[in-house]
Amino acid sequence: MLDLPHPTPDAPTADCFALAKALSGVHFIGGRYVPARSGKTFAVVNPATGAEVARAAEGDAADVDAAVQNAAEAQKAWAKVPARKRGALVHACAAAIRTHVDELGRLIALETGKALRTESRVEANVVADVFEFFGGLGSELKGESVPFAPNVLSVTVREPLGVVGAIIPWNVPMLLMALKVAPALVAGNSVVVKSAEEAPLAVLRICEIMNRILPPGVFNMVSGFGPECGAPLVAHPKVRKVTFTGSVETGKIVAKAAAEKLVPVTLELGGKSPMIVFADCDFEKTVSGALTSMRFTRQGQSCTAASRIYVERPIFDRFVAEMKKAVDAMVMGDPLDEKTDIGTIVSEGQLEKVRAYIAEGTATPGATAHVCSAMPTDPALKKGLFIQPVIFTGLDNSSRLVREEIFGPVTVIQAFDDPEAVLAQANDSEYGLAASLWTNNLKVGLDLAHRLEAGLVQINQNLVVQANLSYGGVKSSGLGKEASLEAMLEHFTHKKTIMVNMA
């Protein structure tokens, strides 16, 4: 394996452009930076300007094999480290990440176009929280004493699975990486992460920061494209667990490949999350909550975005008007500018997909497209992947904009009269990730919460993923849970039964 000189500074830096260049062309395998064995790289583009800011190593099966072999060897010793000590090391990683929060926020804003103040810095802070939370759970890797027979000591123990292969998306790459890596490490596994091709830099920097604390080979990072890099990771015979976040279509491919090896898989595959607003809600709080729920500051690029909003008819017109007014007040601009509320779409392909949905909705008879905010006027941003948020009214549940995950700043608001009818509409979806209810009648709210087909239902709030709250969907939104003690125990360990006959 070819070693490279240490290309990145140990101390946090505010120069995200220089840091991006320093991170160019390398994976992180076996405790050190290494180039792709093929020597190939691909461009990392700033979506706010269209400029290339770095080159990422283009990994293939040879790079994946090197990473997995290193991880498998390191895991043998890592599994023997007492669980509380593993947790303490992960907790120390959280402290190190926290010192780099602003740096990581700037780096993720640069490569994804997410606004620094409203999105990217927030994500970096939550990443530190996730590692801190799981770092404290080492002592929870407990077994049980089973009453089998008076002369037989029967106990269970939790053991790690081995090498975990993790594939992450581009929308919140640092957070979704942390939700996979932190519990896997504390449970005694080693990890190989395949980063998203649109956003490989910040997660690579986190891997390097954590490798200052962790034993070499325990946490590895490769970059590349799905068929050439992701598929070999899933298929590798030494990968004993796969955890994936992405599209339904790719998730099915991952699940089939994992099934061929009979290894467990966790899938988080997106959503089409309903928001149900009753006339008795706290109106101002609910309008504000709709902005957060729709993740407009992230240009709607969120699997929990409230892209279906059902509003009780007496307040429908007022709600639409106030929501448009609130989005109009949001500033779209340079993601690295502290005054910016809304950044960009992540890639040209995603932008064209969103535009196609907007065009289809606009052309639908009876539909109204309420175009919000304003495009940036800075000439330096003229090639940026900006798009104005759109609120649609006049569409029904048969519209593709209501049924399909757009992953852009597009939401559909519909009026309703009957709670049972709106429940049926909300559940009429292949997805079941998240939902929210807004009402001061908690009897109604709790009744509907129990009957909504979603893995996470919130009443009078719609927070993003939080450490210690089980997160995961039903139906086509995926399999398994993340972000909780349950996730660590059920998805990153197996239970072994040991029996001792003392007769």
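Use the structure listed above.
Conventions used here
- Residues numbered from 1 in each chain as written.
- Predicted model: local features only at pLDDT ≥ 70, side-chain atom pairs only at ≥ 80, totals over all residues.
- Heavy atoms only, no water.
- Core = buried A, V, L, I, M, F, W, Y, C linked by side-chain atoms within 4.5 Å.
- Buried < 20%, exposed > 50% of the residue type's maximum accessible area, 1.4 Å probe, protein only.
- Contact = heavy atoms within 4.5 Å.
- Helix = DSSP H or I, 4+ residues; strand = E, 2+ residues; numbered from the N terminus.
- Pairing = 2+ DSSP bridges.
- Axes fitted to C-alpha atoms, helices over the stretch in contact; angles between N-to-C directions.
- Patch = residues over 30% accessible without salt bridge, like charges linked within 9 Å, V, L, I, M, F, W, Y side chains within 5 Å.
- Areas by Shrake-Rupley, 256 points an atom, 1.4 Å probe, with all protein chains shown as cover.
- Salt bridge = Lys/Arg side-chain N within 4 Å of Asp/Glu carboxyl O.
- Expected span 1.5 Å × (residues − 1).
- Bend = angle between axes of the 7 residues up to and from the residue.
- Polar contact = N/O pair within 3.5 Å; in protein donor to acceptor, adjacent residues only side chain to side chain.
- Left-handed = near helix turned anticlockwise from the far one by under 90°.
- Nonpolar A, V, L, I, M, F, W, Y, C, P; charged D, E, K, R; others polar.
- Phe/Tyr/Trp six-rings, centres within 6.5 Å; stacked < 30°, edge-to-face > 60°.
- Lys NZ or Arg CZ within 6 Å of the ring centre and 35° of its normal.
- Right-handed = clockwise from strand over helix to strand, strands pointing away.

**Observations concerning the nonpolar core**
- Residues F131, M210 and F219 are the most contacted members of the largest nonpolar core, which totals 80 residues.
- Beyond its immediate chain neighbours, meaning those up to four positions away, F219 contacts M177, V181, V191, V193, C207, M210, N211 and L214.

**Observations regarding the side chain of N220**
- Along the chain, N220 turns up in strand β9 (residues 219-222).
- Residue class for N220 comes out buried when judged on its relative accessible area of 0%.
- Those residues in contact with N220 that sit more than four places away from it in its chain are F28, I29, G30, A67, N70, A71, V191, V192, V193 and C207.

**Things to note about the sheet that holds strand β17 (residues 434-438)**
- Taken together, seven strands build an open sheet; the order of strands is β14-β15-β16-β13-β12-β17-β18 and the sheet is mixed. Every interior strand has two partners, whereas the edge strands, β14 (368-371) and β18 (456-459), have only one. Neighbouring strand axes in the sheet, compared pairwise and without regard to direction, differ in orientation by 20° on average.
- On top of the sheet, helix α15 (residues 442-451) reaches β17 and β18; it is set at about 175° to β18, its chief contact.

**Some thoughts on a nonpolar patch on the surface**
- Judged by side-chain polarity, L153, I498, V500 and M502 come together as a nonpolar surface patch covering roughly 330 Å² of accessible area.
- Position of I498 relative to the elements: it lies in strand β20 (residues 493-501).

**Some thoughts on helix α2 (residues 61-80)**
- Compared with an ideal rise of 1.5 Å per residue, which puts 20 residues at 28 Å, α2 spans 29 Å between its outermost C-alpha atoms and is within 8% of the ideal.
- Taking the largest bend as the criterion, α2 deviates by roughly 30°, centred on A74.
- Along α2, the positions that sit buried rather than exposed are D63, V64, A66, A67, V68, A71, A72, A74, Q75 and W78.
- For α2, the N-terminal cap is D60; the gap from its side-chain oxygen to the backbone nitrogen of A62 is 3.0 Å.

**With respect to the sheet that holds strand β6 (residues 152-160)**
- Read from one edge to the other, the open sheet built from three strands follows the order β5-β6-β20, with strand pairing classed as antiparallel. Only two strands of the sheet have a single partner each, and these edge strands are β5 (144-145) and β20.
- With two bridges joining them, β5 and β6 adopt antiparallel strand pairing. Bridge pairing links E144 to T156 in β6.
- Lying over the sheet, helix α16 (residues 485-492) contacts β6 and β20, oriented at roughly 70° with respect to β20.

**Overview of the pattern of salt bridges**
- A complete count under the given rule lists 31 salt bridges for this structure.
- A salt bridge links E52 to R55, with the nearest nitrogen and oxygen atoms 3.2 Å apart.
- One continuous salt-bridge network, built from bridges that share partners, spans D102, R106, R121 and E338.

**Looking at the packing of α2 against helix α8 (residues 226-235)**
- Running from N to C, α2 and α8 point in directions that differ by 40°, and their axes come no closer than 8 Å. Regarding α2 and α8, the two cross each other, and that crossing is right-handed. Together, A61, V64 and V68 of α2 and E228, C229, P232 and L233 of α8 make up the contact between the two elements.
- For the contact of α2 with α8, a count of residues per class yields six nonpolar, no polar and one charged.

**Quick notes on the pairing of β6**
- The turn joining β5 and β6, which pair antiparallel and follow one another in sequence, is formed by six residues.
- Sheet analysis places β6 next to β20, joined by nine bridges and oriented antiparallel. Looking at the pairing, P160 lines up with T493 of β20.

**Details of the packing of aromatic side chains**
- As enumerated under the stated definition, the model contains six aromatic pairs in all.
- Seen from the ring of F492, K241 lies directly overhead, with NZ or CZ sitting 5.5 Å from the centre.
- A cation sits over an aromatic face here: R318 above F283, 3.6 Å from the ring centre.

**A short note on the pairing of β18**
- Both β17 and β18 contribute to a ladder of four bridges, which runs parallel. Bridge pairing in β18 links A434 to L456.
- Following the chain from β17 across α15 to the adjacent parallel β18, one finds a crossover that is right-handed.

**Comments concerning the side chain of N460**
- Its location among the elements puts N460 in the loop between β18 and β19 (478-479).
- In this view, N460 contacts K285, L437, W438, T439 and L442; residues no more than four positions away in its chain are not counted.

**Digging into unusual backbone geometry**
- Phi is positive for L262, which is not a glycine, with a value near 55°.
- One can find L262 in the loop between α9 (248-261) and β11 (265-268).
- Owing to a relative accessible area of 74%, L262 belongs among the exposed residues under this scheme.
- For Q299, which is not glycine, the phi torsion reads 55° and is therefore positive.

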